[in-house]
Amino acid sequence: LMNETLLRVNNFDFRGSTCDGPGVRNVLFLQGCDRKCPGCHNPATWNPAGGTLMSVEDIIGLIEQNTPMQKITISGGEPLMQQKGLLELSRQLYQKGYDIAVYTGKSLEEVPQELLESIHYIKVGDFRKDLQTSVKSYVGSSNQEFIKLRS
């Protein structure tokens with residue numbers, strides 16, 4: 001376990017979602033968030049010491065067993081709080097042919113280029129309760145952007 005990259009996981013949703021990016025996707029919720037947006041739909045992910053510590057290898061194993069459609073969204077919490085593990089996870093999934101979306105509250109400028117190179121979609125921007133929308137696909141509030149990076 002010495003050089004294994006670990007991530008704090010809140011939970012996996014293997015039921016197949018249609019609102020967390022294009023197609024039917026499974027969702028990995030990472031633990032820890034420093035943004036704490038009012039009206040957040042997932043405050044259980046806020047505590048950075050919560051969740052379950054898992055190796056990237058074990059996470060990929062579970063995703064592979066439960067995601068035959070090879071579409072995965074990595075959400076949270078704030079995934080970029082665990083940047084090293086997130087980069088490792090997305091790189092490996094990308095190499096295995098997965099279609100990957102990442103949900104962050106940060107702006108596009110704050111997202112490491114290295115991450116943008118190993119995912120297909122990114123959702124940027126904080127959730128704003130006053131701008132809540134149900135008409136803009138894959139986002140919770142109208143200030144957020146869901147960006148396609150590659151096919």
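Note that this is a predicted model, so its numbers are computed, not measured.

**Student:** Would you mind showing me how to read the pattern of salt bridges here?
**Tutor:** Pairs can form between side chains of opposite charge whenever their charged atoms are close. With the rule as written, the count across this model stands at eight salt bridges. For Asp99, the salt bridge identified is with Arg25, shortest N-O distance 2.7 Å. Linking Asp99 in strand β5 (residues 99-103) with Arg25 in strand β2 (residues 25-30), this pair joins segments that are 74 residues apart in sequence. In terms of burial, Asp99 and Arg25 fall into one category: buried. A salt bridge links Arg91 to Glu114; its shortest N-O distance comes to 2.7 Å. A residue pair is termed long-range when its members are at least 10 positions apart, and Arg91 in helix α2 (residues 83-95) and Glu114 in helix α3 (residues 113-116) qualify at 23 residues. Judged by relative accessible area, Glu114 falls into the partly exposed class, the value being 43%. Salt bridges here are not isolated pairs; linked through shared partners, they connect Glu88, Arg91 and Glu114.

**Student:** Explanation requested: helix α1 (residues 56-66) in the structure shown.
**Tutor:** The periodicity of an α-helix, 3.6 residues per turn, causes residues three or four positions apart to be oriented the same way. All of the buried residues in α1 are Val56, Ile59, Ile60 and Ile63. Angularly, the buried residues of α1 cover 95° about the axis, an arc narrow enough to put them on a single face. Across α1 from its buried face, at more than 90 degrees, point the exposed residues Glu57 and Gln65.

**Student:** Please clarify how the sheet that holds β2 should be interpreted in this entry.
**Tutor:** Strand-to-strand pairing in sheets goes through backbone hydrogen bonds, with the strands running parallel or antiparallel. With mixed pairing, the seven strands of this open sheet are ordered in space as β3-β1-β2-β4-β5-β6-β7. Edge positions in the sheet fall to β3 (52-55) and β7 (145-148), since each has one partner strand and no second. For this sheet, the mean inter-axis angle between neighbouring strands, taken without regard to orientation, is 30°. With four bridges connecting them, β2 and strand β4 (residues 71-75) associate as parallel partners. By the bridge assignment, Phe29 is partnered in β4 with Ser75. Where α1 meets the sheet, it contacts β1 (6-17), β2, β3 and β4, and its direction lies at approximately 5° from that of β1. Sitting on the sheet, α2 touches β1, β2, β4 and β5, and the angle it makes with β5 is about 160°.

**Student:** Whenever I open this one, the packing of α1 against α2 confuses me. Can you help?
**Tutor:** To describe two helices that pack against each other, one gives the angle between their axes and the distance between the axes. For the pair α1 and α2, the least separation of the axes is 10 Å and the interaxial angle reads 40°. Between α1 and α2, the crossing angle belongs to the class labelled oblique. Note that α1 runs across α2; the crossing there is right-handed. Here Val56, Ile59, Ile60 and Ile63 of α1 come into contact with α2, specifically with Gly85, Glu88, Leu89, Gln92 and Leu93. Per-class residue counts for the contact of α1 with α2 are six nonpolar, two polar and one charged.

The rules we used
- Residues numbered from 1 in each chain as written.
- Predicted model: local features only at pLDDT ≥ 70, side-chain atom pairs only at ≥ 80, totals over all residues.
- Heavy atoms only, no water.
- Salt bridge = Lys/Arg side-chain N within 4 Å of Asp/Glu carboxyl O.
- Helix = DSSP H or I, 4+ residues; strand = E, 2+ residues; numbered from the N terminus.
- Buried < 20%, exposed > 50% of the residue type's maximum accessible area, 1.4 Å probe, protein only.
- Arc of directions from axis to C-beta.
- Pairing = 2+ DSSP bridges.
- Axes fitted to C-alpha atoms, helices over the stretch in contact; angles between N-to-C directions.
- Contact = heavy atoms within 4.5 Å.
- Parallel < 35°, antiparallel > 145°, perpendicular 65-115°, else oblique.
- Left-handed = near helix turned anticlockwise from the far one by under 90°.
- Nonpolar A, V, L, I, M, F, W, Y, C, P; charged D, E, K, R; others polar.

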